[in-house]
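# Residue-level structural notes
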Protein chains: 2
Amino acid sequence: MAQKPTAKESVLDAFERVITDKGERAATLDAVAAEAGVSKGGLLYHFSSKNDLAEGLAERLARLGADDLVQLRDAPEGIVRRFIRSSVVVGNPFDNAYLAVARLAQSGLYPVANDALAAIEAGWRALIEESVGDAAVARLVLLVSDGLYYNAALFPGAVTPPPAADLDEVIDALEAFAKTRAPHPAS
Amino acid sequence: MAQKPTAKESVLDAFERVITDKGERAATLDAVAAEAGVSKGGLLYHFSSKNDLAEGLAERLARLGADDLVQLRDAPEGIVRRFIRSSVVVGNPFDNAYLAVARLAQSGLYPVANDALAAIEAGWRALIEESVGDAAVARLVLLVSDGLYYNAALFPGAVTPPPAADLDEVIDALEAFAKTRAPHPAS
DNA sequence: GTCTATACATGGATAGAC
DNA sequence: GTCTATCCATGTATAGAC
């Protein structure tokens, strides 16, 4: 029965797309309505304010984030490798939502966006710490991820995608360091 | 003879302060004029547009950035340690300018701000690479720095200052990794 | 050089027809 | 449920007095 809210979802898609492509400031009600193919009034029927739109996106992120965390936990290549690799935005639904909400959060106008990001980060942190077994290594992993993510995704237009080979080299370094700190995780 | 442009500089100070304290969106001409203690008209005499203000700040950053790079090169505690430590914003003139310009750049409305940041980053990258002698390590150092910086400084209000002890631990890890990669830099 | 007054555009949101 | 028309607030920028 949660299969039918197509109209709302497509407006939310449009909101997400405009934020991602042109930045938060460009995501006016007019622009979002146009992108969604409806009028401003039509949009405001589904989301009665701009803050309502932000909440909708934050909820979507929370939903997708839960799935993402499960996939991360079960990643065959290992949690750290998967986590770092996924720090460079590729364009899946979770990435798109995360990026858009991050942009919203930056403006400082939507506390709900900041809260949603904090919740995602907390989930990651717990999983990474549990996985690597050392707080310092976990911190390093999270910092590198943040560095990658923010660098690549934060500035609309100036996207600099890092080469995959370089990325793996960085991951190797992190895992080597992790071994240094926790040499015998099993015994 | 470059000692007298007090009025312009104080307007620029106000611009910087408002951006830092309340975010780029709150830095309207009205708000900046009020902060500087002048009228909107008075402000616009010195900077004929908002983009002009952004350019002024970008130039200030470039000026301070040159000094910063020299100090980094000569840091007695070592370049990497100094660099990572300085990634957490402390409030010196360079930090203030950098933070403000970063916020401007995020909006996507001021290409001059993005350019100024890119120039700063390029200077850092060259120095770090030269210092650690290994591209992968340099990349890691820059990523950690970015992670630290963006996390702490990007969201107006939600500033999370990382503990100094944890920071040093991260630096130790980076330097240990650097030794792994370049065991005998002299021979 | 600094001020007031004002023009002009844009964005969020309401009212009410269809 | 979606539209048009409109109101109101805010932000940038200009004109011209002092």
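Heads up: the structure comes first, above all this text.
### Overview of the relation of the copies chain B and chain A
When chain B is fitted onto chain A, the two copies agree to an RMSD of 0.0 Å after a turn of 180 degrees and an axial shift of 0.1 Å. Given the turn and translation reported, the copies of this chain are related as if by a two-fold rotation axis. The rotation axis passes nearest to the C-alpha of B:Gly147 in chain B, at a distance of 1.9 Å. A symmetric contact is evident, with 100% of the interface residues of chain B recurring at the interface of chain A.

### Details of the protein's contact with DNA strand D
Close contacts around DNA strand D come from 13 residues, with A:Ser39, A:His46, B:Leu29, B:Lys40 and B:Lys50 the closest. Per the 4 Å cut-off to the protein, sugar and phosphate atoms form 59% of the nearby atoms of DNA strand D. With respect to DNA strand D, the backbone of B:Lys50 contributes an N or O atom lying 2.9 Å from a phosphate oxygen. Every element with two or more residues in the surface near DNA strand D is listed here: α3 (40-46) of chain A together with α2 (29-36) and α3 (40-46) of chain B. Broken down by element, the residue count for the surface near DNA strand D peaks at 4 residues, all from α3(A).

### Re the packing of aromatic side chains
Aromatic rings considered in pairs are described by the distance between their centres and by the relative angle of their planes. According to the stated counting rule, one finds 13 aromatic pairs over all chains in the structure shown. Relative to A:Trp124, the ring of A:Phe83 lies with its centre 5.2 Å away and its plane at 70 degrees, an arrangement referred to as edge-to-face. With A:Phe83 in helix α5 (residues 79-85) and A:Trp124 in helix α7 (residues 111-132), this pair connects stretches of sequence that are 41 residues apart. No difference in accessibility class separates A:Phe83 from A:Trp124, as the two residues are buried. Arranged with centres 5.6 Å apart and planes meeting at 35 degrees, the rings of B:Tyr98 and B:Trp124 form a pair that is tilted. Note that B:Tyr98 is positioned in helix α6 (residues 93-107) and B:Trp124 in helix α7 (residues 111-132), a separation of 26 residues in sequence. B:Tyr98 gets classed as buried once you look at its relative accessible area, which sits at 7%. When its relative accessible area of 10% is taken as the criterion, B:Trp124 is described as buried. Three or more aromatic residues joined by ring pairs make a cluster, and in this case those are A:Phe83, A:Phe94, A:Tyr98, A:Trp124, A:Tyr149, A:Tyr150, B:Phe83, B:Phe94, B:Tyr98, B:Trp124, B:Tyr149 and B:Tyr150. Seen from the ring of A:Phe47, A:Lys8 lies directly overhead, with NZ or CZ sitting 4.9 Å from the centre.

Procedures and definitions
Residues numbered from 1 in each chain as written. Chains lettered and ligands numbered in written order. Predicted model: local features only at pLDDT ≥ 70, side-chain atom pairs only at ≥ 80, totals over all residues. Heavy atoms only, no water. Least-squares fit on C-alpha atoms with pLDDT ≥ 70 in both. Contact = heavy atoms within 4.5 Å. Near = heavy atom within 4 Å. Polar contact = N/O pair within 3.5 Å; in protein donor to acceptor, adjacent residues only side chain to side chain. Helix = DSSP H or I, 4+ residues; strand = E, 2+ residues; numbered from the N terminus. Phe/Tyr/Trp six-rings, centres within 6.5 Å; stacked < 30°, edge-to-face > 60°. Buried < 20%, exposed > 50% of the residue type's maximum accessible area, 1.4 Å probe, protein only. Lys NZ or Arg CZ within 6 Å of the ring centre and 35° of its normal.

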